[in-house]
Amino acid sequence: EILRCLVGSEMCIRDRVYVARVRALIAAQKPKLTAGLRALGLRVIEGRANYLLLQGPETLGGQLRQKGVVLRGCANYPGLDASWYRTAVRTGPENERLLKTLQEVLG
């Protein structure tokens, strides 16, 4: 990617536009997803990446999988247990689907 930019090709310009669009998407969606997760009673740890670390019931991952939604379990992260999960900040419709499914599961 760096080499393409050094050459100054059209691909580099498209890559920059793509990166700018993704950053804007994340900047717009991350606060909405964070607020939605917290409204469901989940603990959310914010960071600078396009991921959110959240804590919920240890059974949450399995319940979501039964509904076709997968959260990354973080039990293998140093200092975390099976109640911790990670999710990417995605598009508005994808984030809404996650929140809707979480609401169904958490009742």
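Read on for an overview of the structure. (Residues numbered from 1 in each chain as written. Predicted model: local features only at pLDDT ≥ 70, side-chain atom pairs only at ≥ 80, totals over all residues. Heavy atoms only, no water.)

1. Here we look at the overall build of the protein
In step 1: Helices and strands together make up the secondary structure of the protein, namely 4 helices and 4 strands.
In step 2: Order of helices (α) and strands (β) in the protein, N terminus to C terminus: α-α-β-β-α-β-β-α.
In step 3: Looking at the protein residue by residue over its 107 residues, the buried ones come to 31%.
In step 4: Considering only contacts within the protein whose residues lie at least 6 apart along the sequence, 56% involve residues at least 24 apart.
In step 5: For the protein, the exposed area adds up to about 7,100 Å²; of that, 55% sits on carbon and sulfur atoms. (Helix = DSSP H or I, 4+ residues; strand = E, 2+ residues; numbered from the N terminus. Buried < 20%, exposed > 50% of the residue type's maximum accessible area, 1.4 Å probe, protein only. Contact = heavy atoms within 4.5 Å. Areas by Shrake-Rupley, 256 points an atom, 1.4 Å probe, with all protein chains shown as cover.)

2. Brief notes about the pairing of strand β2 (residues 51-55)
In step 1: By the alternation rule, side chains of β2 split into Leu52 and Leu54, which are all buried, and Tyr51, Leu53 and Gln55, of which none is buried.
In step 2: In this structure, strand β1 (residues 43-45) lies alongside β2, joined through 3 bridges in antiparallel fashion. Across the sheet, Val44 pairs through a bridge with Leu54, a residue of β2. (Pairing = 2+ DSSP bridges.)

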